[in-house]
Amino acid sequence: MTNLKVITGLILLLLLISAWFYFSAEEPVPVRLVSVSKGPVDLTVSNTRAGTIKACNRSHLSLPTGGQIAELFVNEGDHVKKDQVLIRLWNKDHQARFEEAIARVEAAKLTVIESCRMASLNKREHKRLTGLSAKKLVSVERLDAAETKETISAASCKKAQASKDSAIAGMKLQQAMIEKTELIAPFSGVIAEINGEVGEYITPSPSGVATPPAIDLIGEGCLYVQAPVDEVDASSIQPGMLVHVTLDAFRGERFEGKVSRIAPYVKELEKQARTVDIDVNLVDKEHYQKMLIGYSADVDVVIEQQKNTLRLPTETIIDGNKVLVYQASNKQLALTEFTPGLSNWRYTEIKAGLTDTEQVLISLDVEGAVDGALVTIDDD
């Protein structure tokens, strides 16, 4: 009976020891890993605020004079050609004055014909009498009268010509007045917005007072990205540099561009945030078809590039030069230092300290994933 109690006690002790080891053993932490790989790493300059897709040609059109809209030839979304009439104001009074001016020009032309032909006749008569005077067949008084008549008729011809020029100028003035009542497309494009309807009265903007344009016209076939960069980084940017463009509207896509312009001045929108605008032209113009004016865009200007080098996602790096390396032999993490090279928000170059056979922790926010921690790989 005593032996049975001893055996039972030993069994209970073993069970307690096993339970203690079971519950006190370290639970492995599930983590996600990423392999050191080879690929391009860029030293880039990024925009400080979201950039904007803009049209190379965009005009907020307004009429130079006020009046009532008589004809509206377009609708929003219409495609128009250069020099096409978009809006016409009531202008029957100008049309009448223009027709009157045309009639004056015609009358002036007839006066020129009449006066100049008479001058030509008087000139020939004076020449004939001069010949007769040399033969003593015409009196001096008659020759003098002929000469005076020639001079007066020549002046009348010039006066008629000047009157005709004045009439033509008056006609052009009336034509210009008519043109002021018509809104003409300065370039081909699409109508983005119309402010006004037939019968409404348009008033031109007073100086210093902003009013909505009659028509917002956007040119087609040419887009660019305008984005601000920090004044400190602007000095390292040169026209022609490669740019990676990303848009919120097309997540996961990256478009290539080139720096086309760097603003020659610094914007001081906020006292502590001074920026320089840069313009970026997209390399592949086929992308224009799916982009809308006003889309937000981010730019990364490539200052320097390593095309095939060891790299890691920048998000895996601790304190700029450390990573948690997974050791397959003991399934633990080890804090390892390395020598970084070029870096951007996506990738950081590895110059020394790591090889392409190693895996590092990418999920730095996981609780318990620290140096020496026992881990298990989470493939999800």
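As the structure is a computational prediction, the values presented were derived from the model and not from experiment.

**Re the packing of helix α2 (residues 92-134) against helix α3 (residues 140-179)**
No. 1: One way to put it is that α2 packs onto α3 with a least axis distance of 7 Å and a crossing angle of 165°. Comparing the axis directions of α2 and α3 gives the class roughly antiparallel. For the pair α2 and α3, the sense of crossing is left-handed.
No. 2: Of the residues assigned to the contact of α2 with α3, the class counts are 20 nonpolar, 15 polar and 11 charged.

**Re the packing of aromatic side chains**
No. 1: Overall, the coordinates contain 2 aromatic pairs when judged by the stated rule.
No. 2: For the ring pair F250 and F255, a centre distance of 6.1 Å and an interplane angle of 85° mean the geometry is edge-to-face.
No. 3: Classification of F250 by relative accessible area gives buried; the value is 14%.
No. 4: Pairing F250 with Y295 gives two aromatic rings, centres 5.8 Å apart and planes at 90°, and the pair type is edge-to-face. Here Y295 lies in the loop between β17 (273-282) and β18 (296-313) and F250 lies in the loop between β14 (242-247) and β15 (255-262), a separation of 45 residues in the sequence.
No. 5: Members of the aromatic cluster, connected to one another through ring pairs, are F250, F255 and Y295.
No. 6: Its guanidinium or amino end placed over the ring of F250, K290 lies 5.1 Å from that ring's centre, counting from NZ or CZ.
No. 7: The positively charged end of R311 is found above the aromatic ring belonging to Y347, 3.7 Å away from the centroid.

**Let's talk about the sheet that holds strand β12 (residues 215-219)**
No. 1: Taken in spatial order, the 4 strands make up an open sheet running β5-β12-β10-β7, and their pairing is antiparallel. The sheet is open, and its two edges are formed by β5 (58-61) and β7 (79-80), each paired on a single side.
No. 2: Strand direction decides the pairing type here: strand β10 (residues 189-194) and β12, joined by 5 bridges, are antiparallel. Note that in β12 the partner of I191 across the bridge is L217.

**Describing a negative patch on the surface**
No. 1: Taken together, the side chains of E76, E193, E197 and E200 define an acidic patch exposed on the protein surface.
No. 2: You can see E197 is positioned in the loop between β10 and β11 (201-202).
No. 3: The class of E197 is partly exposed, set by a relative accessible area of 49%.

**Side note on the sheet that holds strand β8 (residues 85-89)**
No. 1: On the basis of which strands lie adjacent, the open sheet formed by 4 strands has the order β9-β8-β6-β11 and antiparallel pairing. In this open sheet, the two strands that pair with only one neighbour each are β9 (182-184) and β11.
No. 2: As defined by bridge partners, strand β6 (residues 67-72) adjoins β8 across 3 bridges and the pair is classed as antiparallel. Within the sheet, the bridge partner assigned to I69 lies in β8 and is L89.

**Quick notes on the layout of surface pockets**
No. 1: By volume, the largest pocket is sized at about 340 Å³.
No. 2: Along the wall of the largest pocket there are 20 residues; nearest its centre are D42, H244, R254, W345 and R346.
No. 3: Every element with two or more residues in the lining of the largest pocket is listed here: β3 (37-46), β14 and β18.
No. 4: Taken together, the residues of the lining of the largest pocket sort by class into 5 nonpolar, 8 polar and 7 charged.
No. 5: Considering only enclosed or pocket space, the second largest pocket measures out at about 200 Å³ in volume.
No. 6: Lining the second largest pocket are V190, I218, G219, E220, G221, C222, L223, Y288, M291, L292 and I293.
No. 7: For the lining of the second largest pocket, a count of residues per class yields 8 nonpolar, 2 polar and 1 charged.

**Some points on α3**
No. 1: Given a rise of 1.5 Å per residue, 40 residues ought to cover 58 Å, and the 59 Å separating the end C-alpha atoms of α3 matches this to within 8%.
No. 2: Of all the positions in α3, only L143, A146, E150, S153, C157, A160, K164, A167, M171, Q174 and I178 are classed as buried.
No. 3: Against the buried residues of α3 lie α2 and β9.

**Brief notes about the state of the cysteines**
No. 1: Under the defined criterion, the tally for this structure stands at 2 disulfides.
No. 2: Disulfide pairing places C56 opposite C222 at an S-S distance of 1.9 Å. In this structure the cystine formed by C56 and C222 twists about its S-S bond by roughly -60°; its chirality is therefore left-handed. You can see C56 sitting in the loop between β4 (51-55) and β5 and its partner C222 sitting in the loop between β12 and β13 (223-230), a full 166 residues away along the chain.
No. 3: Judged by its relative accessible area of 29%, C222 falls in the partly exposed class.
No. 4: In the protein, the cysteines engaged in disulfides, taken in order along the sequence, are linked 1-4, 2-3.

Cut-offs and rules
- Residues numbered from 1 in each chain as written.
- Predicted model: local features only at pLDDT ≥ 70, side-chain atom pairs only at ≥ 80, totals over all residues.
- Heavy atoms only, no water.
- Axes fitted to C-alpha atoms, helices over the stretch in contact; angles between N-to-C directions.
- Helix = DSSP H or I, 4+ residues; strand = E, 2+ residues; numbered from the N terminus.
- Parallel < 35°, antiparallel > 145°, perpendicular 65-115°, else oblique.
- Left-handed = near helix turned anticlockwise from the far one by under 90°.
- Nonpolar A, V, L, I, M, F, W, Y, C, P; charged D, E, K, R; others polar.
- Phe/Tyr/Trp six-rings, centres within 6.5 Å; stacked < 30°, edge-to-face > 60°.
- Buried < 20%, exposed > 50% of the residue type's maximum accessible area, 1.4 Å probe, protein only.
- Lys NZ or Arg CZ within 6 Å of the ring centre and 35° of its normal.
- Pairing = 2+ DSSP bridges.
- Patch = residues over 30% accessible without salt bridge, like charges linked within 9 Å, V, L, I, M, F, W, Y side chains within 5 Å.
- Areas by Shrake-Rupley, 256 points an atom, 1.4 Å probe, with all protein chains shown as cover.
- Salt bridge = Lys/Arg side-chain N within 4 Å of Asp/Glu carboxyl O.
- Lys, Arg positive; Asp, Glu negative; His and termini not counted.
- Charge placed at Lys NZ, Arg CZ, Asp CG, Glu CD.
- 1 Å grid on protein atoms, 1.4 Å probe; cavity = no way out; pocket = protein on both sides within 12 Å on 5 of 7 lines; lining within 4 Å.
- Points joined across faces, edges and corners; volume = space filled by probe spheres on them.
- Expected span 1.5 Å × (residues − 1).
- Contact = heavy atoms within 4.5 Å.
- Disulfide = S-S within 2.5 Å.

Without other data, these values stay purely geometric and don't point to any function.
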